[in-house]
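# Per-entry structural report
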Amino acid sequence: MNFLAHLCLSGDDPEVMLGNLMGDFLKGVDATRYPPAIQRGIRLHRAIDGFTDAHPVFGRSRRRLPPPYRRYAGVLVDVFYDHFLARDWRRYRPSEDLSSFVRRTYRMLADPPVDPPTRLKNALPYMIREDWLGSYATQDGIDRQLKRLSRRVSRANPLGSGVSQLALHYDGLSTDFAEFFPAIMLHVRDVTEVERPQVPRERAS
């Protein structure tokens, strides 16, 4: 799952949303120094990634991609799934359209509830200015995202032409996503129920 899916699956608590987004940027950072809701978001990020990587439908999507894309299939499918989520947003978030969600998220990220890790902090102005979240809705936007990812990888890689694989396997990947995303929504609901802070019961007098 890429940025849009992680944020979508976080609910509406800004600290949980930010913590979930921070999950990929915490190498060498002590997560326990953050407030409890940020920590819940970080744990949710890891739960989403673990469920996704082990799910047979996600594996099926990765296997659709041929060499030389297979080595980067996990990254590519993450981004492709965000495209299908953006395309079918109202199916999964009927209470709010994508543009409203994106605007609300950018407002939070422009003034985050805590100071995020440096790499994420440096990336946020570009995310907002270049509308990374909204761009997932079109194949041109996916192409820009993958070219950006390609430049961040030190070795030669095929990510810059990865949108060709989205076009080539579009129907199959779309079917995979439609099967996968309801399953991860249920998983997140279960994880969130376990993580929900308990309200102390008042003692009977």
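Calculation criteria
- Residues numbered from 1 in each chain as written.
- Predicted model: local features only at pLDDT ≥ 70, side-chain atom pairs only at ≥ 80, totals over all residues.
- Heavy atoms only, no water.
- Phe/Tyr/Trp six-rings, centres within 6.5 Å; stacked < 30°, edge-to-face > 60°.
- Helix = DSSP H or I, 4+ residues; strand = E, 2+ residues; numbered from the N terminus.
- Buried < 20%, exposed > 50% of the residue type's maximum accessible area, 1.4 Å probe, protein only.
- Contact = heavy atoms within 4.5 Å.
- Axes fitted to C-alpha atoms, helices over the stretch in contact; angles between N-to-C directions.
- Parallel < 35°, antiparallel > 145°, perpendicular 65-115°, else oblique.
- Left-handed = near helix turned anticlockwise from the far one by under 90°.
- Nonpolar A, V, L, I, M, F, W, Y, C, P; charged D, E, K, R; others polar.
- Salt bridge = Lys/Arg side-chain N within 4 Å of Asp/Glu carboxyl O.
- Core = buried A, V, L, I, M, F, W, Y, C linked by side-chain atoms within 4.5 Å.
- pLDDT = per-residue confidence, 0-100.

Moving on to the packing of aromatic side chains. Enumeration according to the criterion identifies 13 aromatic pairs in this entry. Plain terms: the ring middles of Trp89 and Phe101 are 4.8 Å apart, the flat faces sit at 45 degrees to each other, and that makes the pair tilted. Within this pair, whereas Trp89 is found in helix 6 (residues 89-92), its partner Phe101 is found in helix 7 (residues 98-110), the two being separated by 12 residues in sequence. Like Phe101, Trp89 is buried. Three or more aromatic residues link up through ring pairs in this structure, and these residues are Phe51, Phe58, Tyr81, Phe84, Tyr92, Tyr170, Phe177, Phe180 and Phe181.

As a further point, take the environment of Lys121. Tracing the chain through its elements places Lys121 in helix 8 (residues 118-129). Between the C-alpha atom of Lys121 and that of Ser164, which follows or precedes it by 43 residues, the distance is 31 Å. Residues contacting Lys121, with those up to four places away along its chain left out, are Asp115 and Pro116.

The next point concerns the packing of helix 2 (residues 14-22) against helix 3 (residues 36-54). Where helix 2 meets helix 3, the axes come as close as 6 Å, and the angle between the chain directions of the two elements is 45 degrees. Classified by the interaxial angle, the pair formed by helix 2 and helix 3 is oblique. Where helix 2 crosses over helix 3, the two elements pack in a sense that is right-handed. Along its contact with helix 2, which presents Glu15, Val16, Leu18, Gly19, Asn20 and Met22, the element helix 3 presents Ala37, Ile38, Arg40, Gly41, Ile42, Leu44, His45 and Ile48. Among the residues making up the contact of helix 2 with helix 3, the classes are represented as eight nonpolar, four polar and two charged.

One pass over the structure, following the stated rule, counts 12 salt bridges. In this structure, the salt-bridge partner of Glu130 is Arg148, at a minimum N-O distance of 2.8 Å. Of this pair, Glu130 sits in the loop between helix 8 and helix 9 (132-135) while Arg148 sits in helix 10 (residues 139-152); the two residues are 18 residues apart in sequence, bridging distant segments of the chain. The network of salt bridges with shared partners includes Asp12, Arg93, Glu96 and Arg104.

Take helix 4 (residues 56-63) next. Every buried residue of helix 4 is accounted for by Val57, Phe58, Gly59 and Ser61. Structurally, helix 4 contributes buried residues whose contacts are with helix 3, helix 5 (73-87) and helix 12 (170-195).

Structurally, Asn2 is set in the segment before helix 1 (3-8). Judged by relative accessible area, which is 16%, Asn2 ranks as buried. Here Asn2 is in contact with Asp78, Val79, Asp82 and Tyr136, once residues within four sequence places are set aside.

Formed by 66 residues in total, the largest nonpolar core has its most connected members in Leu4, Phe80, Tyr81, Leu85, Phe181 and Ile184. Examining the composition of this core, we find that nine residues originate from one element, helix 5, more than from any other. When sequence neighbours within four positions are dropped, the list of residues in contact with Phe181 reads Met1, Ala5, Cys8, Leu9, Leu85 and Tyr92.

All right, on to the environment of Gly141 then. Looking at the element boundaries, Gly141 is found in helix 10. A sequence separation of 22 residues divides Gly141 from Val163, and the C-alpha atoms of the two residues are 9.5 Å apart.

In the predicted model, the chain carries a mean pLDDT of 92, and 95% of its residues have values of at least 70. When mean pLDDT is compared element by element in the chain, helix 4 scores highest at 98, while helix 8 scores lowest at 93.

Attention now moves to the packing of helix 5 against helix 12. Helix 12 packs onto helix 5 with a crossing angle of 75 degrees between their chain directions and a minimal axis gap of 10 Å. On the basis of their axis angle, the class for helix 5 and helix 12 is roughly perpendicular. Listed contacts from helix 12 to Phe80, Tyr81, His83, Phe84, Leu85 and Arg87 of helix 5 are Tyr170, Leu173, Ser174, Asp176, Phe177, Phe180 and Phe181. In terms of residue class, the contact of helix 5 with helix 12 is built from nine nonpolar, two polar and two charged.

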